[in-house]
Amino acid sequence: MRQHSVVVSHGSRKSVAGFSLIEVLVSIVVLSFGLLGMVGMQGAAIKANREARLQSSAVVLAREAADMIRGNKNIGIQTTASANPYLGAFSNPAGSTPLELATASYCLNVGSTACSTTADVARAQMTEWLARVDTELPGARVSICFDAAPYDSNGLPRWACTAGTDGVIVIKIGWTRGSTNRAATGTNAFDRASIPSIVLPVTPGNSA
């Protein structure tokens, strides 16, 4: 029987080898684009997780403040900041100075002189609470006031409080977060609590 042999010219071999190299290069390019996309998605996921963690912390802190006010009703119902240490506006957008009361109190600390009045208790509670807000939320801003209209005409929360004692006590908390404008750079890439992120009314009820 005759045996048929296949003869491959040198030119054909070079063509096959060249075609394989092109395939490898194309695969590398496609893989590179895929990896870049994965890196971008990972960065977005990390940012989203951070914002979710800060949002959760702010909600917990707001609820704690509401419980403090409800638990100390004799002070919580007072309508002026001089008689009600829970009321006030506290801001630290640049992170340069801590959130604190004008007159801090530590009478609830172990080893300190016990609080003598319910106002002292409120002042000590706010001293400790503001310190934790300042620690947990970057560039934190807090406003606790009587407010009948915590949202503007567009439905967005606002820092301004209505004058007088209409409405209920509202706890407003904001902090520095990434801007939603992806084109923003430098300091413009951050929203320094331009509006509250948390708005919690203190409704009547038990402190528990």
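For the structure given in this document, a descriptive report is provided here. (Residues numbered from 1 in each chain as written. Predicted model: local features only at pLDDT ≥ 70, side-chain atom pairs only at ≥ 80, totals over all residues. Heavy atoms only, no water.)

### Some thoughts on the overall build of the chain
Step number 1: Assigned secondary structure in the chain consists of three helices and six strands.
Step number 2: Listed N to C, the secondary structure of the chain is α-α-β-α-β-β-β-β-β in terms of helices and strands.
Step number 3: Going through the 208 residues of the chain one by one, you find that 29% of them count as buried.
Step number 4: The long-range fraction of contacts in the chain, counting pairs at least 24 apart against all pairs at least 6 apart in sequence, stands at 60%.
Step number 5: For the chain, the accessible surface area stands at approximately 13300 Å², while carbon and sulfur atoms represent 59% of it. (Helix = DSSP H or I, 4+ residues; strand = E, 2+ residues; numbered from the N terminus. Buried < 20%, exposed > 50% of the residue type's maximum accessible area, 1.4 Å probe, protein only. Contact = heavy atoms within 4.5 Å. Areas by Shrake-Rupley, 256 points an atom, 1.4 Å probe, with all protein chains shown as cover.)

### As for unusual backbone geometry
Step number 1: One non-glycine residue, Ala193, adopts positive backbone phi at about 55 degrees.
Step number 2: With respect to the helices and strands, Ala193 occurs in the loop between β5 (190-192) and β6 (198-201).

### Things to note about the side chain of Ser57
Step number 1: Tracing the backbone shows Ser57 in helix α1 (residues 10-71).
Step number 2: Once you skip the residues sitting within four places of it in the chain, Ser57 turns out to touch Glu136 and Leu137.

### A few points about the sheet that holds β6
What holds strands together in a sheet is hydrogen bonding between their backbones, with the strands either parallel or antiparallel.
Step number 1: Pairing is antiparallel across the open sheet formed by four strands, whose spatial order is β1-β2-β3-β6. Looking at the sheet topology across the chains shown, the edges are occupied by β1 (88-91) and β6. Averaged over all pairs of adjacent strands, the angle between their axes in this sheet comes to 15 degrees, without regard to strand direction.
Step number 2: Bridge analysis of strand β3 (residues 168-174) against β6 gives four bridges, and the strand direction is antiparallel. Paired with Lys172 across the bridge in β6 is Val199.
Step number 3: Against the sheet, helix α3 (residues 118-136) contacts β1, β2 (141-147) and β3, and its axis sits at roughly 130 degrees relative to β2. (Pairing = 2+ DSSP bridges. Axes fitted to C-alpha atoms, helices over the stretch in contact; angles between N-to-C directions.)

### Points about the side chain of Asn72
Step number 1: Note that Asn72 resides in the loop between α1 and α2 (73-76).
Step number 2: Looking at Asn72, the relative accessible area reads 9%, which means it is buried.
Step number 3: Apart from residues lying up to four places away in sequence, Asn72 is in contact with Tyr86, Thr118, Val121 and Ala122.

### Some words on α3
Step number 1: Along its 19 residues, α3 runs 27 Å from first to last C-alpha, staying within 8% of the 27 Å computed at 1.5 Å per residue.
Step number 2: Within α3, the full set of buried residues consists of Ala119, Ala122, Ala124, Gln125, Met126, Thr127, Trp129, Leu130 and Val133. (Expected span 1.5 Å × (residues − 1).)

### What about the state of the cysteines?
In protein chemistry, a disulfide is the covalent bond that joins the sulfur atoms of two cysteines.
Step number 1: In the structure shown here, the tally under the stated rule is two disulfides.
Step number 2: Taken in sequence order, the bonded cysteines of the chain link in the pattern 1-2, 3-4. (Disulfide = S-S within 2.5 Å.)

### Concerning the nonpolar core
Step number 1: Counting residues in each nonpolar core, the largest one holds 31 residues, and the members touching the most others are Met126, Trp129, Leu137, Ile144, Ile171 and Ile173.
Step number 2: Breaking this core down by element, the ones donating at least two residues are α1, α3, β2 and β3.
Step number 3: Per element, the largest residue contribution to this core is eight residues, and it comes from α1.
Step number 4: For Leu137, the residues in contact, after removing those within four places along its chain, are Leu54, Ser57, Ala58, Leu61, Ile173 and Trp175. (Core = buried A, V, L, I, M, F, W, Y, C linked by side-chain atoms within 4.5 Å.)

### Describing the environment of Val202
Step number 1: With respect to the helices and strands, Val202 occurs in the segment after β6.
Step number 2: By relative accessible area, which is 10% here, Val202 ends up buried.
Step number 3: Sequence separation between Val202 and Ile169 is 33 residues; the distance between their C-alpha atoms is 5.4 Å.
Step number 4: When residues no more than four places from it in sequence are discounted, the contact partners of Val202 are Ala66, Ile69, Arg70, Val168, Ile169 and Ile171.

### Remarks on a nonpolar patch on the surface
Step number 1: There is a patch of nonpolar side chains on the surface, built from Leu21, Val24, Leu25 and Ile28 and spanning about 370 Å² of accessible area.
Step number 2: Along the chain, the position of Ile28 falls in helix α1.
Step number 3: Relative accessible area serves as the criterion here: at 47%, Ile28 is assigned to the partly exposed category. (Patch = residues over 30% accessible without salt bridge, like charges linked within 9 Å, V, L, I, M, F, W, Y side chains within 5 Å. Salt bridge = Lys/Arg side-chain N within 4 Å of Asp/Glu carboxyl O.)

### Examining the pairing of β2
Step number 1: Among the seven residues of β2, six are classified as buried, and the element is accordingly described as predominantly covered.
Step number 2: Relative to β2, β1 runs antiparallel, the two being bridged by four bridges. Its bridge partner being in β2, Ser91 is matched across the sheet by Arg141.

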